[in-house]
Amino acid sequence: MSDDPLRYHVDGELVPASEATVSVEDRGFAYGDAAFETMRAYGGDVFRWEAHADRLADTCETLALDHGIADAELKRRVDETLAANDLADAYVKLSISRGVQPGTLDPQPEIDPTVVVIAKPLPRGGVESDPVHDGPAALQTTKTRKPADRALPAAAKTHNYLNGILARLELRVTDADEALMLDPDGNVAEGATSNLFFVDGTALKTPSLDGPILPGVTRATVIDIAESEGIPVEEGTYAPDAVREADEAFLTNSTWEIRPVATVDGISVGGEGGGGEGEGGDDEGVAGPLTTLLSRLFARRIEESHYDGERL
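Below you will find a few notes about this structure. Note that this is a predicted model, so its numbers are computed, not measured. (Residues numbered from 1 in each chain as written. Predicted model: local features only at pLDDT ≥ 70, side-chain atom pairs only at ≥ 80, totals over all residues. Heavy atoms only, no water.)

## Here we look at the overall build of the chain
Our working definition: A run of DSSP states H or I qualifies as a helix once it reaches four residues; a run of E qualifies as a strand once it reaches two. Both are numbered from the N-terminal end. Radius of gyration: C-alpha atoms only; globule rule: 2.2 Å multiplied by the number of residues to the exponent 0.38. Three exposure classes are used, based on accessible area relative to the maximum for each residue type with a 1.4 Å probe and protein chains only: buried under 20%, partly exposed in between, and exposed over 50%. Every residue pair with non-hydrogen atoms within 4.5 Å of one another is taken to be in contact. Method for areas: the Shrake-Rupley scheme with a 1.4 Å probe, in which residue coverage is limited to the protein chains shown. In this tally, Asp and Glu contribute negative charge and Lys and Arg positive charge; neither His nor the terminal groups of the chain are included. Positions of charges follow a simple convention, taking NZ of Lys, CZ of Arg, CG of Asp or CD of Glu.
Assigned secondary structure in the chain consists of seven helices and 15 strands. Since a compact globule built from 312 residues should have a radius of gyration of about 20 Å, the 20 Å found for the chain is in line with a globular shape. Across its three principal axes, the chain shows a C-alpha extent of roughly 55 × 45 × 35 Å. In the chain, which comprises 312 residues, the share counted as buried stands at 51%. Excluding contacts between residues fewer than 6 apart, the proportion of contacts in the chain whose partners are at least 24 apart in sequence is 70%. Summed over its atoms, the accessible surface of the chain is roughly 14700 Å², and 48% of this surface lies on carbon and sulfur atoms. Averaging the locations of the 27 positively and 58 negatively charged side chains of the chain gives two centres separated by 2 Å.

Laid out in structure tokens, this is it:
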């Protein structure tokens, strides 16, 4: 019997993490032919499950991956994984592949899907919580660009992350810790694993989903919070210089929530005193006023919705 403390959900069964396996002939392994969602659980429940489930369904539709599993059943497996690991606050990843098929590129219409849920502990979220990320980010524009949407649909969150991996590999010769990726026309798109926001004194700005941008769940939440506070939000097309010259910038994803940006291509965001070197450290002193406000409002929303407002 394994002493592995973690349990993962594999095809309907909870197994020790060290024994969790899929076939080497699985199309998710062979071709990256699989859909996934990265989520965060607070207080024992996944944040915005419905939004994640909808995006997962959209990805599966794009892939013509008809797995036949109801959202309620997928949620049950996620909840079982959290409970089996006694996790209230956690990173959660749900993956669905087309399963094992003959070794040809052509997908077969009849599938026996592989469904995997993994969960790992994270600190408590909400008010007065510690950030999960390693401090304010140093962004570096990469030569690797996002492909056009008609070449690789940006809204489909699949196991094929080669584009982002190539961008992250470029960072090895710099002190940066996140890639700033451009679209085929040279406009700002997103990070390798994050959506981008910036502030220029007129509005909170973020690249439009008309470009090759993943429709991030945290991205949508930040926009909703900003609009509810009467903060102007603009979704548009922006040149890299707009981000380099911004007063503030930050990144979003489900795990990081809101991560301030300290530098872009070695330039301190916000000018003098705006970002230092961007290597770790606290968010305080780097995050601009709007970033700080949105972070606090985001934390408050989590506190109210997942912890019954116990720290308010």
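Back to the write-up after that little detour.
## Some remarks on the sheet that holds strand E5 (residues 90–97)
The strands making up a sheet are joined through hydrogen bonds of the backbone, oriented either antiparallel or parallel. Applicable threshold: Here the rule is simple: two strands pair whenever DSSP picks up at least two bridges between them.
Pairing is antiparallel in the open sheet, where six strands are placed in the order E2-E1-E6-E5-E3-E4. The open sheet has two edge strands with one neighbour each: strand E2 (13–16) and strand E4 (45–46). As paired strands, strand E3 (residues 34–42) and E4 are joined by two bridges and run antiparallel to one another. Paired with Tyr42 across the bridge in E4 is Asp45.

## Some points on the pattern of salt bridges
The condition is simple: Salt bridge, as applied in this entry: a Lys or Arg side-chain nitrogen positioned within 4 Å of an Asp or Glu carboxyl oxygen.
Overall, the coordinates contain 21 salt bridges when judged by the stated rule. Two residues, Asp200 and Lys205, come together in a salt bridge whose shortest N-O distance is 2.5 Å. Judged by its relative accessible area of 30%, Asp200 falls in the partly exposed class. If you follow the salt bridges from partner to partner, you end up with Glu73, Arg76, Arg77 and Glu80 in one network.

## Observations concerning the nonpolar core
The following threshold applies: What we call a nonpolar core is a set of buried Ala, Val, Leu, Ile, Met, Phe, Trp, Tyr and Cys residues that are connected through their side-chain atoms within 4.5 Å.
Core analysis: the largest hydrophobic core is formed by 21 residues, its most contacted members being Trp49, Leu74, Val78, Leu82, Val92 and Leu94. Mapped by element, the contributors of at least two residues to this core are E3, helix H2 (49–62), helix H3 (71–84), E5 and strand E6 (114–121). Excluding residues within four positions of it along the chain, Trp49 makes contact with Met39, Asp71, Leu74, Lys75, Val78 and Leu94. Membership of the second largest hydrophobic core comes to 17 residues, among which are Tyr42, Val199, Ile231 and Ile302.

## As for the environment of Gly12
For Gly12, the location among the structural elements is in the loop between strand E1 (7–10) and E2. For Gly12, a relative accessible area of 29% puts it in the partly exposed group. For the pair Gly12 and Pro131, spaced 119 residues apart in the sequence, the C-alpha separation amounts to 33 Å.

## Here we look at unusual backbone geometry
Not every positive phi belongs to a glycine, and Asp11 is a case in point at roughly 50 degrees. Relative to the helices and strands, Asp11 resides in the loop between E1 and E2. According to the relative accessible area criterion, Asp11 is partly exposed, its value standing at 41%. The backbone of Ala64 sits at a positive phi, close to 55 degrees, despite the residue not being glycine.

## Details of the pairing of strand E11 (residues 204–207)
Let me state the cut-off plainly: With strands facing away from the observer, any crossover in which the path from the first strand over the helix to the second runs clockwise is taken as right-handed.
With burial as the criterion, each face of E11 is covered, one bearing Leu204 and Thr206 and the other bearing Lys205 and Pro207. Pairing of strand E10 (residues 195–199) with E11 involves two bridges; the strand directions are antiparallel. Within the sheet, the bridge partner assigned to Phe198 lies in E11 and is Lys205. Taking the residues that link successive antiparallel strands as the turn, the E10-E11 hairpin has four residues, and the phi of Gly201 there is positive, at about 95 degrees. Taken together, the four bridges between E11 and strand E12 (residues 233–236) define a ladder with parallel strand orientation. Its bridge partner being in E12, Pro207 is matched across the sheet by Gly236. The β-α-β motif built from E11, the intervening helix H5 (residues 217–228) and the parallel element E12 has right-handed crossover chirality.

## Some remarks on the packing of H5 against helix H7 (residues 289–306)
In a packed pair of helices, the relevant descriptors are the angle between the two axes and the axis-to-axis distance. Applicable threshold: To get an axis, fit a line to the C-alpha atoms, keeping to the stretch in contact for a helix; angles then go from 0 to 180 degrees between the N-to-C directions. Each angle receives one of four descriptions, namely roughly parallel if under 35 degrees, roughly antiparallel if over 145, roughly perpendicular if within 65 to 115, and oblique otherwise. Residues are sorted three ways: Asp, Glu, Lys and Arg are charged, Ala, Val, Leu, Ile, Met, Phe, Trp, Tyr, Cys and Pro are nonpolar, and all the rest, Gly among them, are polar.
Packing of H5 against H7 leaves a shortest axis separation of 10 Å and a crossing angle of 105 degrees. Put simply, H5 runs roughly perpendicular to H7. For the pair H5 and H7, contact is made by Thr218, Thr221, Val222, Asp224, Ile225, Ala226 and Ser228 and by Leu294, Leu297, Phe298 and Arg301, respectively. Of the residues contributing to the contact of H5 with H7, the split by class is six nonpolar, three polar and two charged.

## Concerning the packing of aromatic side chains
Going by this rule: Only Phe, Tyr and Trp rings are paired, with Trp represented by its six-membered ring, and only when their centres lie within 6.5 Å; those with planes under 30 degrees apart are stacked, over 60 edge-to-face, the remainder tilted. Only lysine NZ and arginine CZ atoms are considered, and such an atom sits over a ring when it is within 6 Å of the ring centre and within 35 degrees of the ring normal.
Within the structure shown, the criterion is met by five aromatic pairs. Aromatic side chains Tyr42 and Phe47 sit 6.0 Å apart centroid to centroid with 85 degrees between the ring planes, which places their arrangement in the edge-to-face category. Residues Tyr42 and Phe47 agree in their burial class; the two are buried. Ring centres of Phe47 and Phe298 lie 5.7 Å apart, and the angle between their planes is 65 degrees; this geometry places the pair in the edge-to-face category. Placement of Phe47 in the loop between E4 and H2 and of Phe298 in helix H7 is noted, with a sequence separation of 251 residues between them. Taken as a pair, Phe47 and Phe298 share a single burial class, namely buried. Against the face of Trp256 rests Arg259, its NZ or CZ located 4.6 Å from the ring centre.

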